[in-house]
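Architecture at a glance
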Amino acid sequence: MKICLQQPMASNLEDFWPIVTPELNIQLDAEGEKLALIQQAGPLKIARRKNGTTIHYQEKAHLFRALTLLVTHPESVYELEEKPQFSKIGPMLDLSRNAVVTIAQAKRFLLLCAKMGLNTCMLYMEDTYEIPEYPYFGHFRGRYTQEEIKALDAYAAIVGIELVPAIQTLAHLTNPLKWGFAKEMKDTNDILLVGEPKTYHLIEAALRSIQQSFTTNKIHIGMDEAHQLGKGRYYDQHGPEDRFSIMTKHLQKVVDICARLALKPMMWSDMFFRIGSKTGDYYDEEIHFPKELIQEMPEVEMVYWDYYHHEERTYQRLFKEHKKLKRPTIFAGGIWTWNGLAPNYGKTFATMSAGLSAAKKEKIDTVYGTLWGDDGAETPLISSLLGLQLFAEYQFHETPSLADIKVRFMRFHQLEADDFFLLSDFDQTPGVPKDNPHGAHPSKLALYQDLLFGLYDETLAAQPLKTHYQQLAKDLQQITTSSDTASMFQFYQQLAVVLALKVDFGHSLVQAYQKKDRHALQQHITRAQQLHAELQHLYQAHRSLWFEWYKPFGFEIIDLRYGALTKRIQTTIWRLENYLAGTIPSLPELESPRLPFDEPYPAPSGFGRNLFQGIYSPSKISDV
C-alpha cells in the first residue's frame with residue numbers, strides 16, 4: 001500500500017516509520033493514498049474517503065494499530081472509532097524461569113504488541129539483569145546487561161511501548177541467594193534477611209542498576225508470596241515477630257531507597273491480604289485489614305494478581321477490598337502459559353473476560369497480562385499471541401465477542417485463532433471440564449512419566465487419550481503458520497505424535513506382562529524404539545524453537561529432561577529384551593501395583609501436579 005502523508009512528518013515519528021512500513025508493507029510515496037494524522041487525546045478514529053484518509057490517535061501504539069487496521073481493510077470507504085478503556089495495558093514477560101528472550105526476539109515481540117495497540121510491557125527479572133557490584137547475581141542465567149536493556153527500552157519507545165522493570169526485593173530469590181556472596185543476607189533459601197545492612201546494599205545496587213537502564217520511573221518491587229518471612233535466620237536473631245511488622249519495616253526501607261532514586265514503586269498485594277485473612281488466603285471472602293496496617297503502609301501502588309476466578313463478581317469484590325488499602329490499584333491477569341507444555345486458552349479466556357470486565361467497571365487504570373513460565377518455560381512465548389489479541393480487543397472495545405477476536409486475530413497476524421485454540425487440546429482432553437478450570441495438564445504427565453512405573457498410568461488410562469492425541473496430531477498438520485509461528489507449530493505437531501505413542505504405553509505394557517503375552521511384550525520393544533526415534537525429532541524441534549527465541553542459558557535443563565527420557569526408553573528396551581531372552585526371571589517394575597496418583601490437592605480431573613520432579617519419579621531428585 002502506498003500512502004502520502006499530508007503534513008510534515010512529526011519528529012516523534014521519524015524512527016517509527018522505518019519500523020512500521022516494512023511490517024505493514026507500506027510505502028511512503030507522493031502518489032499514494034493521502035493520509036492525515038492528527039494526534040489528540042481520546043478515541044482512535046479512522047475516516048477513509050475516496051479523496052483521502054484521516055487518523056486520529058492518542059499515542060504511537062494506537063497509531064500502529066490504526067495503520068494495521070487500515071491496510072487490512074480493502075474497501076475504499078472505511079469508518080472506525082475505538083475508545084481505549086485503560087491508560088496502560090500490555091504483557092508481563094517472565095524472564096526468570098530459565099528462558100531469557102534474546103534482544104532481537106524481544107523487539108519482535110514488542111512490535112507485535114504495539115501493532116495490536118498495547119502500550120506497555122513489564123519485564124519480570126528475579127536475577128536476570130545486571131548489578132555491576134554483584135557479578136554472581138544472574139551468573140550463567142542469561143541476564144540482560146544494562147546496555148541490552150537500554151537498547152530494548154529505546155526500541156520499545158519507538159513503537160509506542162513503555163518498558164517497565166519488575167524485580168524482587170524480598171522473596172522469590174532462590175537463584176541469587178544460593179551463591180556465597182548472599183550468605184549473610186539470607187533469611188530462608190528464597191527470602192532476604194530483613195534488617196541486615198548487606199540486604200539493603202544489594203537492594204540499593206539493584207535499584208540503581210534498574211534506574212540507569214530504563215527510562216521509566218516506574219518499578220515493580222515484588223514482595224509477593226513471602227510465606228516463610230521471619231521464620232529462618234530472622235527468627236534466630238529476633239525471636240517471634242508478626243509478619244506484618246517485619247513486612248512494613250522492610251517495605252519502608254525499600255520505598256525510601258526508591259524515593260532517593262526518584263523511582264515510583266508498585267508491589268504485589270497478596271502479602272497484605274494474607275495478613276488480613278484468618279486462613280492466609282489471598283482471596284478470602286472475610287478479609288479484615290488492621291487499622292494500623294493501612295496507617296503504616298508506605299506510599300506504594302498495589303498490584304492485584306488473579307489468574308483463577310471465572311466470575312466477574314469475584315474480581316469486583318476483590319477490587320473493592322483493594323480500595324480499602326487506600327493505594328492505587330493495578331490489575332494483573334493471566335495468559336496461561338504456565339499450565340504445562342502448552343497454553344491453557346480455555347482458562348485464559350474465561351478468567352480474563354471476567355477480570356478485564358470487572359477492571360473496567362471499577363475504573364482500574366493499568367492492567368497487565370502475565371506470561372509466567374513455571375518449571376522451565378516449556379511453553380513458548382509466541383504461543384501467547386492469541387491471549388494478547390484478547391487483551392487488545394478488551395482495550396479497544398467494551399465487551400468484544402469471541403467472533404470479533406477471531407476476525408481481528410486474522411487481520412493483525414494473518415493467523416487463524418482456531419489453530420491456537422488447538423494448543424489447548426493438549427490438556428483439554430476427555431475427562432477435563434470445559435475451559436480446563438483447574439489447570440489440568442495430562443500432556444506433561446504423559447510426556448515425563450516413566451515407561452516402566454508411570455505414576456499416572458492408572459489416572460491416564462481412565463480416558464481415551466491415545467485417540468485424542470492421534471487426532472490432535474492430524475489437526476495440527478492442517479494449520480496455517482507464519483514466520484513467527486512456524487517453529488512453534490512444528491514443535492507442537494511433533495509433541496502430539498510423541499504423546500499418542502507414549503500416553504498408554506505403561507498401562508498396556510503392564511497388561512501384556514501380567515498375561516505373559518510374549519508377542520505383545522515384543523511389540524512394546526518395537527513401540528519403544530519408535531518412541532525413541534520420534535522423541536529425538538521432538539527434541540530437535542524443541543531445541544530449534546528455543547534457540548530461535550531465547551538465549552542459550554536454561555536449555556541445559558531441557559537437555560537434562562530429554563536426556564532422562566531417552567535413557568529410560570533405552571533401559572526399558574534393555575529390560576524387556578533380557579526378560580524375553582530369559583536372562584532375568586521377572587520384571588519387578590511391572591509387578592508393583594498401579595494406583596491412582598495420590599496428591600495433596602487433587603484436581604477433579606486427577607491430572608494435577610505440573611512440576612517435572614513430581615512426574616518423573618517418586619525417588620529423590622537432588623535436593624528437591
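This text goes with the structure placed above it.
Below is a short write-up of the structure. (Residues numbered from 1 in each chain as written. Predicted model: local features only at pLDDT ≥ 70, side-chain atom pairs only at ≥ 80, totals over all residues. Heavy atoms only, no water.)

Here we look at the overall build of the protein
Rule in force here: Only DSSP runs of H or I reaching four residues or more are called helices, and only runs of E reaching two or more are called strands; each is numbered from the N terminus. The atom set for the radius of gyration is the C-alpha atoms, and the globule formula is 2.2 Å times the number of residues raised to the power 0.38. In this description, contact between two residues means that some pair of their heavy atoms is separated by no more than 4.5 Å. Method for areas: the Shrake-Rupley scheme with a 1.4 Å probe, in which residue coverage is limited to the protein chains shown. When charges are counted, Lys and Arg are positive and Asp and Glu negative, with His and the chain ends excluded. Positions of charges follow a simple convention, taking NZ of Lys, CZ of Arg, CG of Asp or CD of Glu.
Along its length, the protein carries 25 helices and 16 strands. For the protein, whose C-alpha radius of gyration is 26 Å, the value lies close to the compact-globule estimate of 25 Å for 624 residues. Contacts in the protein between residues at least 24 apart in sequence constitute 76% of all its contacts with a sequence separation of at least 6. With the model as given, the accessible surface of the protein reaches about 24,900 Å², and the carbon-plus-sulfur share is 52%. Charge separation in the protein, taken as the distance between the mean sites of 65 positive and 75 negative side-chain charges, equals 0 Å.

A look at the packing of aromatic side chains
The geometry of an aromatic ring pair is captured by the separation of the ring centres together with the interplanar angle, meaning the angle of the planes. For clarity, the threshold we go by: Only centres within 6.5 Å qualify two rings of Phe, Tyr or Trp (six-membered ring in Trp) as a pair; their planes then separate them into stacked at under 30 degrees, edge-to-face at over 60, and tilted for everything else. For the exposure calls, accessible area comes from a 1.4 Å probe over protein chains only, and a residue counts as buried if that area is under 20% of its type's maximum, exposed if over 50%, partly exposed in between. Should the NZ of a Lys or the CZ of an Arg lie within 6 Å of a ring centre and within 35 degrees of the ring normal, that charge is described as sitting over the ring.
Inspection of the entire model under this criterion finds 41 aromatic pairs. Ring plane angle 35 degrees and centroid distance 6.4 Å describe the contact between Phe 140 and Phe 553, whose orientation is recorded as tilted. Here Phe 553 lies in the loop between helix H22 (518-549) and helix H23 (555-580) and Phe 140 lies in the loop between strand S8 (120-124) and helix H4 (146-159), a separation of 413 residues in the sequence. Residue Phe 140 is classed as exposed on the basis of its relative accessible area of 62%. On the basis of relative accessibility, which here comes to 31%, the residue Phe 553 falls in the partly exposed class. Cation over ring: Lys 516 sits above Tyr 513, and NZ or CZ is 4.3 Å from the ring centre.

A look at the environment of Ala 205
Among the secondary structure elements, Ala 205 is positioned in helix H6 (residues 197-213). C-alpha separation for the pair Ala 205 and Glu 130, spaced 75 residues apart in sequence, amounts to 9.9 Å. Each residue touching Ala 205, except ones within four places of it in the same chain, is listed here: Ile 131, Glu 133 and Tyr 134.

Description of the nonpolar core
Spelled out, the test is: The term nonpolar core refers to a set of buried residues drawn from Ala, Val, Leu, Ile, Met, Phe, Trp, Tyr and Cys, joined through side-chain atoms within 4.5 Å.
Counting 219 residues, the largest nonpolar core has Ile 55, Leu 123, Tyr 144, Phe 420, Phe 426, Leu 447 and Leu 476 as the members making the most contacts within it. Ignoring any residue separated from it by four or fewer positions in sequence, one finds Ile 55 in contact with Leu 35, Ala 36, Leu 37, Ile 38, Lys 45, Ile 46, Leu 63, Ala 66, Leu 67 and Leu 70.

So, the packing of helix H20 (residues 486-502) against H22
We count it as follows: Between the N-to-C directions of two axes lies an angle of 0 to 180 degrees, each axis being a line fitted to C-alpha atoms and, for a helix, fitted only over the stretch in contact. Note on angle classes: values under 35 degrees are labelled roughly parallel, values over 145 roughly antiparallel, values of 65 to 115 roughly perpendicular, and the remainder oblique. Helix crossings fall into two classes, left-handed where the near helix is turned counterclockwise from the far one by less than a right angle and right-handed where it is turned clockwise. Residues are grouped as follows: Ala, Val, Leu, Ile, Met, Phe, Trp, Tyr, Cys and Pro are nonpolar; Asp, Glu, Lys and Arg are charged; all remaining types, including Gly, are polar.
The N-to-C vectors of H20 and H22 enclose an angle of 160 degrees; their axes lie 9 Å apart at closest approach. Here H20 lies roughly antiparallel to H22, going by the angle between them. With respect to the hand of their crossing, H20 and H22 are arranged in left-handed fashion. Taken together, the residues of H22 that come into contact with H20 (itself represented by Ser 487, Met 488, Phe 491, Gln 494, Leu 495, Val 497, Val 498, Leu 501 and Lys 502) are Arg 527, Gln 530, Leu 531, Glu 534, Leu 535, His 537, Leu 538, Ala 541, His 542, Leu 545 and Glu 548. By residue class, the composition of the contact of H20 with H22 is eleven nonpolar, five polar and four charged.

Some remarks on the pairing of S8
Note the following rule: Pairing between strands is defined by DSSP: at least two bridges between them are needed.
Where burial is concerned, most of S8 is hidden: five out of the five residues are buried. Both faces of S8 are covered, namely the face carrying Thr 120, Met 122 and Tyr 124 and the face carrying Cys 121 and Leu 123. Pairing analysis gives three bridges linking strand S7 (residues 88-94) to S8, with the strands arranged parallel. Across the sheet, the residue bridging to Asp 94 is Tyr 124, located in S8. Inspection of the sheet shows S8 paired to strand S9 (residues 162-166) by five bridges, in the parallel sense.

A word on the sheet that holds strand S1 (residues 2-5)
The six strands lie next to each other as S2-S1-S3-S5-S4-S6, forming an open sheet whose pairing is mixed. A strand with exactly one partner marks an edge of an open sheet, and here the two such strands are strand S2 (27-28) and strand S6 (78-82). Sheet contacts for helix H2 (residues 60-71): strand S3 (33-39), strand S4 (44-49), strand S5 (52-57) and S6; angle to S5, the most-contacted strand, approximately 150 degrees.

Let's talk about the environment of Leu 356
Residue position: Leu 356 is located in helix H12 (residues 345-361). If sequence neighbours within four positions are ignored, Leu 356 has contacts with Phe 86, Phe 331, Val 367, Phe 391 and Tyr 394.

Structural notes on the pattern of salt bridges
Note the threshold: Salt bridges are defined as contacts in which a side-chain nitrogen from Lys or Arg sits within 4 Å of a carboxyl oxygen from Asp or Glu.
Inspection of every chain in the model, using the stated rule, returns 41 salt bridges. For Arg 65, the salt bridge is made with Glu 82, and the minimal N-O distance between the two is 2.8 Å. Note that Arg 65 is positioned in helix H2 and Glu 82 in strand S6, a separation of 17 residues in sequence. With respect to burial, Arg 65 and Glu 82 carry one shared label: buried. Linking Glu 299 and Arg 327 is a salt bridge whose minimum nitrogen-to-oxygen distance equals 3.8 Å. Of this pair, Glu 299 sits in the loop between helix H10 (291-296) and strand S14 (301-305) while Arg 327 sits in the loop between helix H11 (312-323) and strand S15 (329-334); the two residues are 28 residues apart in sequence, bridging distant segments of the chain. Linked by salt bridges that have partners in common, Glu 23, Arg 108, Lys 115 and Asp 484 make up one network.

Here's the deal with the packing of helix H3 (residues 103-116) against H4
Contact pair H3 / H4: the axes reach a minimum separation of 10 Å and the direction vectors enclose 20 degrees. Relative to H4, the element H3 lies roughly parallel. Crossing handedness for the pair H3 and H4: right-handed. Facing H3, whose interface residues are Ile 103, Ala 106, Lys 107, Leu 110, Leu 111 and Ala 114, H4 presents Glu 148, Ala 151, Leu 152, Tyr 155, Ala 156 and Val 159.

Section: the environment of Glu 148
We apply this condition: Polar contact is defined as a pair of N or O atoms within 3.5 Å, subject to the rule that within protein one atom must be able to donate a hydrogen and the other to accept it, and that residues adjacent in sequence are counted only when both atoms are side-chain atoms.
With respect to the secondary-structure elements, Glu 148 resides in helix H4. On a C-alpha basis, the gap between Glu 148 and Asn 339 in space is 30 Å, while along the polypeptide they are 191 residues apart. Filtering out sequence-adjacent residues up to four positions away, Glu 148 remains in contact with Ile 103, Arg 143 and Lys 551. Of note is the side chain of Glu 148, whose polar atom sits 2.9 Å from the backbone nitrogen of Thr 145.

Quick look at the pairing of strand S13 (residues 264-268)
With four of five residues buried, S13 is to be regarded as a mostly interior element. One ladder, built from three bridges, connects strand S12 (residues 218-220) with S13; its direction is parallel. Residue pairing across strands places His 220 opposite Met 266, the latter belonging to S13.

Considering helix H21 (residues 505-514)
Among the ten residues in H21, seven count as buried, and that is most of the element. Those residues of H21 lying buried are Phe 505, Gly 506, Ser 508, Leu 509, Val 510, Ala 512 and Tyr 513. The secondary structure elements touched by the buried residues of H21 are helix H18 (457-461), H20, H22, H23 and helix H24 (588-591). In the stretch just after H21, Lys 516 is the one whose phi turns positive, near 55 degrees.

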